[in-house]
Amino acid sequence: MSTRLRARSGTYRGALITLIGAVLAAGTPSAAAADPQSYGHGHDRQPVIGQPNMDHGCARIEQSLPTLSDWPKVDSKMDRNFWDEWRISQIVNGMSLAEKVGQMTQPEISAITPAEVTQYNIGSVLNGGGSWPAANKHATTTDWLTLADAYWTASKATRTRIPVIWGIDAVHGNNNVFGTTLFPHNIGLGAARDSCLIRDIGEATARQIRATGQDWAFAPTLAVVQDDRWGRTYEGFSENPTITRAYGYEAIRGLQDNNSFRLDRNGVIATAKHFIGDGGTTGGKDQGVNAYSEADMINLHGQGYYGALAAGAQSVMVSFNSWTNPDLGINEGKVTGSQKVVTGILKQKMGFDGLVVSDWNAIGQVPGCTNASCPQAINAGIDMVMVPNDWKAFITNTIAQVEGGQIPMARIDDAVKRILRVKLRAGVLDSRKPSQRQYAGDANALLDKQLARKAVRESQVLLKNNNKVLPLKPKSKVLVVGKSADSMQNQTGGWTLSWQGTGNTNADFPNGTTVLAGLKQALGDANVTYSATADGVDPSQYDAVIAVIGETPYAEGVGDLGKRSLEAAKLYPADLAVLDKVHGKGAPVVTVFMSGRPLWTNKELNRSDAFVASWLPGTEGEGVADMLVRGRNWQDFSGKLSYSWPKTACQTPLNPRDPGYDPLFPFGYGLSSRQTGNVGTLDETAPVSCSGGGGGGTATEDLEIYNRTDVAPYKAFIGSPENWGGTEIGPDGQAAHANINTVPVDVNVQGDGLKTTWTGSGPGQIYMQNPAQGDDLRSYLNANAALEFDVIVNSPPAARTVISTHCVYPCQGETVATKLFQNLPVGQKSTVKIPIVCFADKGLDLENVNTPFLVYTEGAFTASFANVRWVPKGGADPDAQKCGDLVDQ
């Protein structure tokens, strides 16, 4: 007898009548829903939003959007189907509690085997950034499909035979997969002002995903970014919601390729993320606090979701951020645990009937929860929980919480119905295994070079063009300089093969082309000379110099600027040094600036005759070259800024809505080659810092030292007799000596910590240091600051252990922390606070601090360190350490 769940014939008719009655009782969309935006019969009623106005078959980017008085009901392109709803109800009614909770659980592929998918009735798996089959960065389409088939087959071996779905972060193409064409990041696509292009890229990305066997794209990001210090700025299409609204609609259309009831066989499940307010956190802090009013949430941060849901988006990912503003009576906290946000707004007011998924271990950030337990999030409305590693404990805990009455069974049933509704609409419930589907294993489906090249051309924004130096003549002789001219890593940015986009070489992109290679194609090899550092070359011997410079890769958290300024020359001083070597040396300088956000580039602009904001163009560097050289592929610049460009180094947030809006280049600015821009000579004056803290006085802002990665000017090192001079811990979080080693680890969020292991074979230390100089940090002593860090003690120290700060060794202040670490709970996160005065009392010269954090021991000890900072007033906190306790006992 088949194990497939079947409807009992005796219940068929009654269930169907009940279902049809319930659906009819709910009513049908009003006529007003057919309009792009309507308020029905009166403005006191809930607004309704449906399909946008269209131009050439794609969503129109409106000049402005009407102000909404309330969260709108969104009329989805994807309708309910009576038969689907009956079928879903029958399946859920026949499932056990364990089977239901399994459907709600989403582990990471590195933490679950196919056999465990069967054992635990798992509903979904994911691979995070930098996670591949068998941990092989160069995994082939066959490797991906083999694993996809294994998970699918395992899920079909369960009693319910409900297929698993595999989710993947495909944010600019299928960016985890070796050899794939990658498109410009969203910030560049926003500059293109082409919603049809967004649809086409979505369709191409869906083909790429189907080629490797996944079902579900964690895209698009619909953040309306307000502070460019945020490390995910480039994931947002624009600071202006008009672009995000139209693009949200077309991105979903492209990825899902759906009709009224089903996704087309060419589509994948799309995800509108991150709901809501991720682009509006104070200070641009990743996973921080959004303090905007509800009216701003509705009219600014919500707009992309209205477009996405109208197009039929089938999943929504909830954001890490909090929504809190006590002055306005807003205290939702982490939105992952907010019933108002997830159920009240998204599901009820907006009418979303797809599945809601949490982000990576986001439940662990909800007060009272852990990564393995969070009834609050499920009760708030989370349907599928992304629990990468602790999924077994999560299943056990959730079952117990349902049985104990903390989570109502009705909430579980609703979650599973939503998951099954999406699987049914996506065709997964009745589909063949991944390797037998459309585009599976098709190497050509991974490639869409012409579309990507078109996207690159449309995304380039010309900011300056003195003497109309661009375009260059087709036989020009050029000198190419700068670190990014021949760097696929810098060109593609974060979320590329690895999570942060680091650790890549040109060999990792066999089908891509650098800007340098594109210029050689356009001009001929003999006419192009390359010197990354501009050493040993005479610019006067060339018709032009092309400098390709800018940011290096980063992704969430690591890319946050925090209290640092937007000054590019301070973040990347080597770039300015290159421009100094070629500027004014007899040839015009054309600067191609690659970045994931606008930066203060007055110094670079002054040293450039032409300046192009290139953003992060992806794998097709020829698209950049096409814009620079009047060859057969040349087209004129048409890109317009989707983010305002700062006039001063501390000018963020910078938004046209704000009083006193005064950018260097406003939103919508962009030249054609027929224009010069008349930029003139710009002021190069920049403050030392955008926040107080150095020298005398009293510090008011945290001094960040390590926050998921090094915070300039500090760098993390390990030291031991093998190299007391220090071995720098790489961007991958790894370094190793015989006595001590580090690897990345999750402490608060994904990959934010350094798990440090002293092997017990001798002394060793981990420390954060400014290699260039000491800094005057007296203001932190004046502010009664504390050295604070988060730590998980994995194995307590076996020998004397110290925490110290240095004022250029041997000048230092040292505290004994052996008992401190031994008394912390093993395996649990703690926050340690040591008043700065404790170090000052031990000899620290606060006028010349170069090492603000160091841990040293000579015995075995393992601990994971994260979020290292000096915090004003922290020394007065009740849980701060007492200096008298930090001595040998």
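Residues numbered from 1 in each chain as written. Predicted model: local features only at pLDDT ≥ 70, side-chain atom pairs only at ≥ 80, totals over all residues. Heavy atoms only, no water.

Turning our eyes to something else, we now look at the state of the cysteines. Across all of its chains, the model carries 4 disulfides by this definition. Disulfide partner of cysteine 369: cysteine 374, at an S-S distance of 2.2 Å. Across the S-S bond linking cysteine 369 and cysteine 374, the dihedral sits near 65°, which makes this disulfide right-handed. This pair shows no difference in class: cysteine 369 is buried, exactly as cysteine 374 is. Across the disulfide from cysteine 838 sits cysteine 883; the S-S distance is 1.9 Å. An S-S torsion of about -85° defines the bridge between cysteine 838 and cysteine 883 as left-handed. Placement of the pair is cysteine 838 in helix α24 (residues 836-841) and cysteine 883 in the segment after β35 (861-871), with a sequence separation of 45 residues. When its relative accessible area of 29% is taken as the criterion, cysteine 883 is described as partly exposed. (Disulfide = S-S within 2.5 Å. Buried < 20%, exposed > 50% of the residue type's maximum accessible area, 1.4 Å probe, protein only. Helix = DSSP H or I, 4+ residues; strand = E, 2+ residues; numbered from the N terminus.)

In this section: the pattern of salt bridges. For the structure shown, the criterion picks out 48 salt bridges. Across the pair aspartate 169 and lysine 273 runs a salt bridge whose closest N-O atoms are separated by 3.4 Å. Of this pair, aspartate 169 sits in the loop between β8 (165-168) and α6 (186-192) while lysine 273 is found in strand β10 (residues 271-275), placing the two residues 104 residues apart along the sequence. As far as the burial class goes, aspartate 169 and lysine 273 line up, both buried. With its nearest N and O atoms 2.8 Å apart, the salt bridge here joins aspartate 414 to arginine 411. Of this pair, aspartate 414 and arginine 411 are both found in helix α14 (residues 409-425), 3 residues apart, which corresponds to roughly one turn of the helix. (Salt bridge = Lys/Arg side-chain N within 4 Å of Asp/Glu carboxyl O.)

What follows concerns the pairing of strand β34 (residues 851-857). The buried fraction of β34 is high, at 6 of 7 residues. Both strand β29 (residues 764-769) and β34 contribute to a ladder of 5 bridges, which runs antiparallel. Looking across to β34, one finds that glutamine 765 is bridged to tyrosine 856. Pairing of strand β31 (residues 801-806) with β34 involves 5 bridges; the strand directions are antiparallel. Residue threonine 801 lies in a different strand from β34, and its bridge partner there is threonine 857. (Pairing = 2+ DSSP bridges.)

With that settled, the discussion passes to the packing of helix α2 (residues 82-93) against α14. Where α2 meets α14, the closest approach of the two axes is 10 Å, and the angle between their N-to-C directions is 130°. When the axes of α2 and α14 are compared, the pair comes out oblique. α14 is crossed by α2, and the crossing has right-handed handedness. Each of Asp84, Glu85, Arg87, Ile88, Ser89, Ile91 and Val92 in α2 lies in contact with α14, whose residues at this interface are Asp413, Val416, Lys417, Leu420, Arg421 and Leu424. Residue composition of the contact of α2 with α14, by class: 6 nonpolar, 1 polar and 6 charged. (Axes fitted to C-alpha atoms, helices over the stretch in contact; angles between N-to-C directions. Parallel < 35°, antiparallel > 145°, perpendicular 65-115°, else oblique. Left-handed = near helix turned anticlockwise from the far one by under 90°. Contact = heavy atoms within 4.5 Å. Nonpolar A, V, L, I, M, F, W, Y, C, P; charged D, E, K, R; others polar.)

Within the secondary structure, lysine 829 is located in strand β33 (residues 829-835). The class for lysine 829 is partly exposed, based on a relative accessible area of 43%. In the structure, lysine 829 is positioned 222 residues away from arginine 607 in sequence and 49 Å away in space, judged by C-alpha atoms. Among the polar contacts made by the side chain of lysine 829, one reaches the side chain of asparagine 748 at a distance of 2.7 Å. (Polar contact = N/O pair within 3.5 Å; in protein donor to acceptor, adjacent residues only side chain to side chain.)

This part covers the sheet that holds strand β21 (residues 589-594). In space, the 6 strands of this open sheet follow the order β17-β22-β21-β20-β18-β19, with mixed pairing throughout. In this open sheet, the two edge strands, each paired with only one partner strand, are β17 (461-465) and β19 (528-531). Recorded for the sheet is a direction-independent mean angle of 20° between the axes of neighbouring strands. Summarising the sheet, strand β18 (residues 478-481) and β19 pair through 4 bridges and their orientation is parallel. The partner of valine 478 across the bridge, within β19, is valine 528. Here helix α17 (residues 515-523) sits on the sheet and contacts β18, β19, β20 (544-550) and β21; the angle it forms with β19, its principal contact strand, is near 160°. Sitting on the sheet, helix α19 (residues 573-582) is in contact with β18, β20 and β21, with an inclination near 170° to β20.

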